[in-house]
Amino acid sequence: MRIFSSSNSGCYIDRTVTLTNVTCGCPTIMVAPTTAAVCAGSANISFTQTGGVTGGTWTIDSPASGGGSIVAATGVYTPPATVVSATTVVIKYNEPSPSNCFGTHTITINPIPSAPTATVTTQPTCSVATGTITVTAPATGAGITYTVTGTSPVVAGVTQATTTFAGLAAGVYDVITTVNGCTSLPTSLTVNAQPTPPVAGTASTTIQPTCALAAGTIVVNGPNRAVEYNIDGGVYQASATFAGVSAGSHTILVRSTADNTCVSSGTSVTVNAQPTPPVAATASTTIQPTCALATGTTVVTAPTGAVEYNIDGGTYQASGTFAGVSAGSHTILVRSTADNTCVSSETSVTVNAQPTPPAAATASTTIQPTCALATGTIVVTAPTGAVEYNIDGGSYQASGTFAGVSAGSHTILVRSTTDNTCVSSSTSVSVDAQPTPPAAATASTTIQPTCATATGTIVVTAPTGAVEYNIDGSYQASATFAGIAAGSHTILVRSTADNTCVSSGTSVTVNAQPTAPAAATASTTIQPTCALATGTVVVTAPTGAVEYNIDGGTYQASDTLRVLRRVRTPFGTRLPTILGFFINKC
């Protein structure tokens, strides 16, 4: 037979009943309580009989085991501690013997639900002060309710058939599930306290824009926790570094990574404007190469201040002066000392090639010393132009003529007028020694005047050679002066190479023309005879330094002449009137 529960038609048990013929019927026995279901492990349940004969015993009719326990005498029933699923238990009351009558009551032992699976699906945020707990198991269904009770602080429980509990203040909550009247163990969950927004970040521009980089880098220092950062309302990022930030004022926000509603107040950070490179250098070569110095000096005069300078890609230096710069075109750059990416455009400066010294002088002594002038004159004929000249280390002069130069070897230098270090190699020029005048003439009157000739002849016998001679007039090559009048005469000797070289005078005298002897006083002292064909003429006067001649014959010292003779004196031949002596002819 099948016995159905009076409270739950779904609960029944099947029993096999053997009918026995009896002479009388059993009384109706009712078993209380009438609950249809209890929870496993619940408190003891007392059953009573409400009909029939008391004093009977209580038993668990089914299941044979695992249905809990009952006190036979009292009917106090203890459900099983655990069941896996709903279990039907039949409680039976047996009247005392010899009666075979009994009564039964069927109950369902429901299992204790597992602690619910629940989470705080929404914790309080900086914008919402409360949290939300959601139960995910067991799922909602018939006979299932959920209860959330605050334990710290204590908050009255809320029971509902739905799984979501919103608006929960910060605290600790127990979540239980009731299934078919059986309550689970609690699941404890914590609703966090409402978070505090992060403090505003301490931020700075660690990299300001440079001439090479138009943007800066901002770095946020702290807070040191689970936060993320935002600049100017952009996307939040985990890194506290913002690169590529344009010039201007920027706002930094810090947000909790645990609660994106927790945002700090703004921090203002400024990125400087991109600096401007220095202007191109104003530079010039202040010292050009010279013949003495192969390099030049370049000086930058602007810009000045917080800048440094570079030539031809070399090392930058604080000084705007570059010495020892080789000849050629050079590039000057100016760089900011505050930002070494700020470099000016190039300035080109030229250092001239080292000049070439003038060629050695072409020079000669155009005027040599004379007896009248002790010095010579040297003239430079080349090179000409932008040059000046120097002799023997003296002062340079524009003229290539050097007068008053003493005898000897002299050194001529030529110097550029545009570069006084450009000096030619030396040219040696000699000025002759001042010549010596010829020696005074050695001269004599070789022919004195005679009664026949009124003039004399003077002959210079020394010096000879490249000289010429002068007597009271013009110079002549011949050393013989004829036709010289009587008197004292001065002989000068002059060099034919230098007509200023004249000897001292040599005095030579030409005698006065002599006077003829007086006419002879003569007589024929011996006349011819028949025995002597000739006569003898005797001159009695004049006497002395005379000689006598008769008829043009030979002069003789004797004053006795056999014929008429001429009279000759030591001073010349005179033609006195000599009377011829005529011999008697025979």
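Rules and cut-offs
- Residues numbered from 1 in each chain as written.
- Predicted model: local features only at pLDDT ≥ 70, side-chain atom pairs only at ≥ 80, totals over all residues.
- Heavy atoms only, no water.
- Pairing = 2+ DSSP bridges.
- Helix = DSSP H or I, 4+ residues; strand = E, 2+ residues; numbered from the N terminus.
- Axes fitted to C-alpha atoms, helices over the stretch in contact; angles between N-to-C directions.
- Contact = heavy atoms within 4.5 Å.
- pLDDT = per-residue confidence, 0-100.
- Buried < 20%, exposed > 50% of the residue type's maximum accessible area, 1.4 Å probe, protein only.
- Disulfide = S-S within 2.5 Å.
- Core = buried A, V, L, I, M, F, W, Y, C linked by side-chain atoms within 4.5 Å.
- Salt bridge = Lys/Arg side-chain N within 4 Å of Asp/Glu carboxyl O.
- Phe/Tyr/Trp six-rings, centres within 6.5 Å; stacked < 30°, edge-to-face > 60°.
- Lys NZ or Arg CZ within 6 Å of the ring centre and 35° of its normal.

### Some points on the sheet that holds strand β13 (residues 131-137)
Okay, so step 1: Read across the sheet, 3 strands follow the order β12-β13-β16 without closing on themselves; strand pairing throughout is antiparallel. In this open sheet, the two strands that pair with only one neighbour each are β12 (117-122) and β16 (164-168). Across the sheet, the mean angle separating the axes of adjacent strands is 25° when strand polarity is ignored.
Okay, so step 2: Pairing between β13 and β16: 3 bridges, direction antiparallel. When the sheet's bridge partners are listed, G131 is paired in β16 with L168.

### Side note on the side chain of S256
Okay, so step 1: Here S256 is to be found in strand β24 (residues 248-256).
Okay, so step 2: Once residues lying within four places of it in the same chain are set aside, the contact partners of S256 are P198, A226, V227, E228 and C262.

### Observations regarding the confidence of the model for the protein chain
Okay, so step 1: Looking at the protein chain as a whole, the pLDDT averages 90, with 91% of positions reaching at least 70.
Okay, so step 2: Note that pLDDT drops below 50 for residues 19-24; the model gives that stretch 0 contacts with residues more than four away or on any other chain.
Okay, so step 3: A low-confidence stretch, residues 563-567 stays under pLDDT 50, and its non-local contacts, those more than four residues away or across chains, total 34 contacts.

### Quick word on unusual backbone geometry
Okay, so step 1: The amide bond that connects S62 to the next residue, P63, takes the cis arrangement and shows omega of 0°.
Okay, so step 2: Following A541, the chain continues to P542 via a peptide bond in cis, the omega torsion being -10°.
Okay, so step 3: Turning to its location among the elements, P542 is positioned in the loop between β46 (536-541) and β47 (547-550).
Okay, so step 4: One non-glycine residue with positive phi stands out, namely D551, at about 60°.
Okay, so step 5: Within the fold, D551 resides in the loop between β47 and β48 (560-561).

### Re the pairing of strand β34 (residues 387-391)
Okay, so step 1: The buried fraction of β34 amounts to 5 of the 5 residues, a majority that puts the element mostly inside the structure.
Okay, so step 2: Here β34 shows two buried faces, one formed by V387, Y389 and I391 and the other by E388 and N390.
Okay, so step 3: Across 5 bridges, β34 lies against strand β36 (residues 408-416) in antiparallel orientation. For I391, the partnering residue across the bridge sits in β36 and is I412.

### Looking at the state of the cysteines
Okay, so step 1: Enumeration over the complete set of coordinates arrives at 5 disulfides.
Okay, so step 2: The disulfide bridge from C126 ends at C262, spanning 1.7 Å between sulfur atoms. For the disulfide bridge between C126 and C262, the dihedral angle about the S-S bond is near 95°, and by the sign convention the bridge is right-handed. In this pair, C126 sits in the loop between β12 and β13 while C262 sits in the loop between β24 and β25 (267-271), placing the two residues 136 residues apart along the sequence.

### A short note on the nonpolar core
Okay, so step 1: Of all hydrophobic cores here, the largest spans 16 residues; its most connected members are F47, W58, Y77, I91, I107 and I109.
Okay, so step 2: Put simply, the parts of the chain that give this core at least two residues each are β10 (87-94) and β11 (102-110).
Okay, so step 3: If you tally residues by element for this core, the top one is β10, at 3 residues.
Okay, so step 4: The contacts of I107, once residues within four sequence positions are left out, are T35, A36, V38, F47, Y77, T87, T88 and V89.

### Description of the pattern of salt bridges
Okay, so step 1: Summed over all chains, the structure comprises 4 salt bridges.
Okay, so step 2: Between R335 and E308 there is a salt bridge, and its shortest N-O distance comes to 2.7 Å. Note that R335 is positioned in strand β30 (residues 328-336) and E308 in strand β28 (residues 307-311), a separation of 27 residues in sequence. Of the two residues examined, R335 and E308, each falls in the buried class.
Okay, so step 3: R415 is the salt-bridge partner of E388, the closest N and O atoms lying 2.7 Å from each other. Separated by 27 residues along the polypeptide, E388 in strand β34 and R415 in strand β36 bring together distant segments of the chain. Comparing E388 with R415 shows no difference in burial state: the two are buried.

### A closer look at the environment of V379
Okay, so step 1: Secondary-structure assignment places V379 in strand β33 (residues 376-382).
Okay, so step 2: Assessed through its relative accessible area of 19%, V379 is described here as buried.
Okay, so step 3: Remark: the alpha-carbon pair of V379 and V429, spanning 50 residues in sequence, is separated by 9.8 Å.
Okay, so step 4: Sequence-distant contacts of V379, that is, excluding residues within four places in its chain, are made with T362, A363, S364, T366, G400 and T401.

### A closer look at the packing of aromatic side chains
Okay, so step 1: Summed over the entire model, instances satisfying the criterion amount to 3 aromatic pairs.
Okay, so step 2: Judged by centre distance (6.0 Å) and plane angle (75°), the rings of F47 and Y77 are edge-to-face. In this pair, F47 is assigned in the loop between β5 (45-46) and β6 (48-49) and Y77 in strand β9 (residues 76-78), connecting sequence segments 30 residues apart. Y77 carries the same exposure label as F47, and that label is buried.
Okay, so step 3: Taken together, F47, W58, Y77 and Y93 form an aromatic cluster joined through their ring pairs.
Okay, so step 4: Just above the ring of F102 sits the side chain of K92; from NZ or CZ to the centre is 4.2 Å.
Okay, so step 5: Above the ring of Y316, the side-chain terminus of R335 is found at 3.8 Å from the ring centroid.

### Description of the environment of V539
Okay, so step 1: Tracing the chain through its elements places V539 in strand β46.
Okay, so step 2: Separated by 76 residues in sequence, V539 and P463 place their C-alpha atoms 48 Å apart.

### What about the sheet that holds strand β20 (residues 202-207)?
Okay, so step 1: Spatially, 3 strands are ordered β20-β21-β23 in an open sheet, and the strand pairing comes out antiparallel. Two strands lie at the open edges of the sheet, namely β20 and β23 (241-245), each paired on one side alone. With strand direction ignored, the average angle separating the axes of adjacent strands in the sheet is 25°.
Okay, so step 2: The pairing of β20 with strand β21 (residues 216-221) spans 5 bridges and is classified as antiparallel. By the bridge assignment for β21, T202 is matched with N221.

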